[in-house]
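Examination of the molecular architecture
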Amino acid sequence: MYVNIGKVYLVGAGPGDPELITLKGIRCIGGADVILYDRLVNKHLLTYAKKGADLIYCGKSPNAHILQQEAINNALVKHAKEGKTVVRLKGGDPFVFGRGGEEAEILVQNGISFEIVPGITSGIAAAAYAGIPVTHREYSGSFAFVTGHRKQEDEHVKWEALAKGIDTLAIYMGIKNLSYICEQLIQHGKSPDTPVALIHWGTYTEQKTVVGTLDTIIDIAHREKVKNPSMVIVGEVVVLKDKLSWFEENTQQYVEQVF
């Protein structure tokens, strides 16, 4: 065992709006000697770091990883073994498509103490900021998180179960494979008329939402030039967007209130 071994906190930074991080998350950031943070973390959160903290960017974008996952794992272990308090600051929630589970396993293997600090995930928050409730008594009694960036030849997504058994789908990282996703859902029983929303930069001031159906959303996405990071919300609850939309129309007023 390491006598002076430190501790690692796997912290969910929330979806983008800096006010959506938890109080515990802010406290962890303020006490950290080292912070390894991701691309989708709002940089405003780093202002809570103490003077002299080592800030390490681990940004990941499609086809461009600043640090490979193995290097991130090694850095967590290295700094903890040096007796430091380490925060791994991850967009959304550490355990929702954030590889937090893999990082926690590495810490266990190396005998390093850790805590998980949950965060609000984009599948809920981006939808809420677009005026879309992921569950609703009249439209949706079930809800699922789905990864949308797996390669088709090695994916484990059960499209038939999702198409027939789940009312609302929140699909992460799905823009690149949007055509395939829509095709699979329709092929496995989802109506082509099922509403779909694409929410770009959810909860950020740059947020933009476009709406269509499984049958039309591909053309709409191309026309509107929707790119990642974007959440894909599929289900009848999307029809409530126009009625309940509150954020995009009032972004400037919201920013003034926050800052």
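Refer to the structure presented above.
Residues numbered from 1 in each chain as written. Predicted model: local features only at pLDDT ≥ 70, side-chain atom pairs only at ≥ 80, totals over all residues. Heavy atoms only, no water.

Brief notes about the sheet that holds strand 12 (residues 230-234)
For the record, the criterion: Paired strands are those between which DSSP finds at least two bridges. Secondary structure is summarised from DSSP: a helix means a run of H or I of at least four residues, a strand means a run of E of at least two, and numbering begins at the N terminus for each. Lines are fitted to the C-alpha atoms to define the axes, a helix being fitted only along its stretch in contact, and any angle between axes, read from their N-to-C directions, falls within 0 to 180 degrees.
Pairing in this open sheet of five strands is mixed, and the strands run 8-9-12-10-11 from one edge to the other. Each of the sheet's edge strands pairs with one partner strand only, and the pair in question is strand 8 (143-147) and strand 11 (208-213). Strand-to-strand twist of the sheet, defined as the mean angle between neighbouring strand axes without regard to direction, takes the value 20 degrees. Relative to strand 12, strand 9 (residues 168-172) runs antiparallel, the two being bridged by three bridges.

Thoughts on the pairing of strand 1 (residues 7-12)
Counted only if it meets this: Under the scheme applied here, a residue whose accessible area is under 20% of the maximum for its type counts as buried, over 50% as exposed, and between as partly exposed, the area being computed with a 1.4 Å probe on protein chains only.
Most of strand 1 is tucked away, with five of its six residues classed as buried. Where strand 1 and strand 6 (residues 85-90) come together, six bridges link them in parallel fashion. The residue of strand 6 that forms the bridge with K7 is T85. Here strand 1 pairs with strand 7 (residues 113-117) via five bridges, running parallel. Bridging across to strand 7, K7 finds its partner in S113.

As for unusual backbone geometry
Cis geometry marks the peptide bond from N228 to P229; its omega dihedral reads 0 degrees. One can find P229 in the loop between helix 7 (217-224) and strand 12. Look at R99: it is not a glycine, yet its phi comes out positive at around 60 degrees. Here R99 lies in the loop between strand 6 and helix 3 (100-109). If you check the backbone angles, K225 has positive phi at about 55 degrees while not being a glycine. Examined against the element boundaries, K225 turns out to sit in the loop between helix 7 and strand 12.

Thoughts on the sheet that holds strand 2 (residues 34-37)
Rules: The contact criterion used is simple: two residues touch if any of their non-hydrogen atoms lie within 4.5 Å.
With parallel pairing, the five strands of this open sheet are ordered in space as 3-2-6-1-7. The sheet is open, and its two edges are formed by strand 3 (54-57) and strand 7, each paired on a single side. Across this sheet, the average inter-strand angle for adjacent strands is 15 degrees, counted without regard to direction. Of the strand pairs in this sheet, strand 2 and strand 3 are connected by four bridges, and their pairing is parallel. Across the sheet, Y37 pairs through a bridge with Y57, a residue of strand 3. Across the sheet, helix 2 (residues 69-81) touches strand 1, strand 2, strand 3 and strand 6, and the angle it forms with strand 6 is around 155 degrees.

Notes on helix 6 (residues 178-187)
Looking only at helix 6, the buried set comprises L178, Y180, I181, C182, Q184 and L185. Check the buried side of helix 6 and you find it contacts helix 5 (159-165), strand 9, strand 10 (195-200), helix 7 and strand 12. Just past helix 6, the residue G189 takes up positive phi, approximately 115 degrees.

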